[in-house]
Amino acid sequence: MYRQQLIDTANALVADDKGLLAMDESTPTCHKRFEKLGIPQTEEYRYAYRELIATTPGLSESISGAILYDETIRQQTSDGTPLVSVLMNSGIIPGIKVDAGAKALAGHPGEKVTEGLDGLRDRLTEYAQLGARFAKWRAVITIGPGLPTPGCYAANAHALARYAALCQEAGLVPIVEPEVLMDGDHGLSRCFAVTEEALRAVFQQLYQQRVLLEGMILKPNMIVPGLDCRIQETVEEVAAATIECFRHSVPAAVPGVAFLSGGQSSELASARLNAMNVKYKSQVPWALAFSFARAIQQPAMELWAGKAENTQAAQKALNHRAKCNREARRGEYDPQIDAVDAS
Ligand SMILES: O=P(O)(O)OC[C@H]1O[C@](O)(COP(=O)(O)O)[C@@H](O)[C@@H]1O
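Because the structure is a prediction, the values reported are computed rather than measured.

Another point: the packing of aromatic side chains. Counting across every chain of the model gives eight aromatic pairs. Taken together, a centroid distance of 6.0 Å and an interplanar angle of 55° make the contact between Phe 34 and Trp 304 tilted. Taken as a pair, Phe 34 in helix α2 (residues 27–36) and Trp 304 in helix α11 (residues 294–304) lie far apart in primary sequence, 270 residues in all. By relative accessible area, Trp 304 is classed as buried at 2%.

As a structural note, the neighbourhood of the ligand is formed by 16 residues, with Ser 26, Thr 29, Lys 136, Ser 261 and Gly 262 the closest of them. Interatomic distance of 2.7 Å between a side-chain N/O atom of Lys 97 and an oxygen atom of the ligand. When the free accessible area of the ligand is taken as 480 Å², the share hidden by the protein chains comes to 94%. Of the residues assigned to the shell around the ligand, the class counts are four nonpolar, four polar and eight charged.

Here the focus is the pairing of strand β3 (residues 93–97). In terms of residue burial, β3 counts as a mostly covered element, since five of its five residues are buried. Taking every second residue as pointing to the same face, both faces of β3 are buried, with Ile 93, Gly 95 and Lys 97 on one and Pro 94 and Ile 96 on the other. Taken together, the four bridges between strand β2 (residues 63–68) and β3 define a ladder with parallel strand orientation. By the bridge assignment for β3, Ala 66 is matched with Pro 94. With three bridges connecting them, β3 and strand β6 (residues 134–141) associate as parallel partners. Bridged to Lys 97 within β6 is Lys 136.

A few words now on the packing of helix α7 (residues 150–169) against helix α8 (residues 188–208). In contact at an axis separation of 8 Å, α7 and α8 are set at 45° when each is read in the N-to-C sense. Regarding the angle of α7 to α8, the classification is oblique. Pair α7 / α8 crosses with right-handed handedness. Together, Tyr 153, Ala 157, His 158, Leu 160, Ala 161 and Ala 164 of α7 and Val 194, Glu 197, Ala 198, Ala 201, Val 202, Gln 205 and Leu 206 of α8 make up the contact between the two elements. Considering only residue class, the contact of α7 with α8 consists of 10 nonpolar, two polar and one charged.

As enumerated under the stated definition, the model contains 19 salt bridges in all. A salt bridge links Lys 281 to Asp 17; the shortest N-O distance between them is 2.8 Å. Taken together, the residues span a long stretch of sequence, with Lys 281 in the loop between α10 (266–280) and β10 (287–292) and Asp 17 in the loop between α1 (3–13) and β1 (19–22) at a distance of 264 residues. Residue Lys 281 is classed as partly exposed on the basis of its relative accessible area, which comes to 36%. Residue Asp 17 is classed as buried on the basis of its relative accessible area, which comes to 17%.

Parameters and conventions
Residues numbered from 1 in each chain as written. Predicted model: local features only at pLDDT ≥ 70, side-chain atom pairs only at ≥ 80, totals over all residues. Heavy atoms only, no water. Phe/Tyr/Trp six-rings, centres within 6.5 Å; stacked < 30°, edge-to-face > 60°. Helix = DSSP H or I, 4+ residues; strand = E, 2+ residues; numbered from the N terminus. Buried < 20%, exposed > 50% of the residue type's maximum accessible area, 1.4 Å probe, protein only. Near = heavy atom within 4 Å. Polar contact = N/O pair within 3.5 Å; in protein donor to acceptor, adjacent residues only side chain to side chain. Areas by Shrake-Rupley, 256 points an atom, 1.4 Å probe, with all protein chains shown as cover. Nonpolar A, V, L, I, M, F, W, Y, C, P; charged D, E, K, R; others polar. Pairing = 2+ DSSP bridges. Axes fitted to C-alpha atoms, helices over the stretch in contact; angles between N-to-C directions. Parallel < 35°, antiparallel > 145°, perpendicular 65-115°, else oblique. Left-handed = near helix turned anticlockwise from the far one by under 90°. Contact = heavy atoms within 4.5 Å. Salt bridge = Lys/Arg side-chain N within 4 Å of Asp/Glu carboxyl O.

So far we have only geometry, and geometry alone does not tell us how the molecule works.
So, in structure tokens, the structure goes:
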């Protein structure tokens, strides 16, 4: 029923070398990040921070869509304008995180499955009425001794596909996010093998659940070594491995691959995205885009530190990171200029 609308929205989200800004941290995740910076963990501060992001002048020059959290999609500025309208008026497409979080997977110690399918149809209808045009669901896959298990791949892939089908029924583009975590000392080749397996499982389930591939966006991890791995490959090696893995496992009908940042530094995430676009942009069927939370927000959150007088400086930093990632989509990101402009 919504076929053309889904295709148009999915394409708009990756058009013009722009990307997504994930500002959908659940309250516990948001508080974890606030706590590290000494920012009070209250609704007032969560609101002030999200308003700062939504009102950043010029953000839409690099950002096509913003992923909101349930609390944020219902909030208004002090003059009564819904934050969703602030985003839309500036040319940013609003989206919404709809999963209920990754919870322990029964019978699988150390593994998680994402919950939130119960009642999802009704929630999606409400979010569409509130102005959302796309949604997001994150599955988490952990690498460790004997992990991941077949049960973890299967449970998460199934949930992602059920979610995606429900989104499309409601006219919302599903952002499908199977995240293979960077935690651990595994090497790049292990991340490659696990991500390929995860993506194959996800696309098999998307096929079975009749999800329109042209009307979705994939939000995967890059193929990187574990954070504690001794050998850290170059940005070019990461780019080559990521593209090779996706060529094996991501159908050409998918319009865009919008990477998560997963705890990489802001500069490294931009540099790796840039390396992919420099060499492979014209050779792959999907747009190589971004959907970063930390890699766009972190410097801005640090500058803001919960103080109203720092708002402008924080907005400048947010804009700067968004712009760096747009340049990375064009294969024009320069780490040296980044360092100068950021200071
Ligand atoms: O744990 P939560 O609160 O669901 O959120 C995790 C975050 O992970 C993301 O999916 C990706 O974020 P990063 O780019 O920081 O890895 C965000 O959209 C989201 O805010």
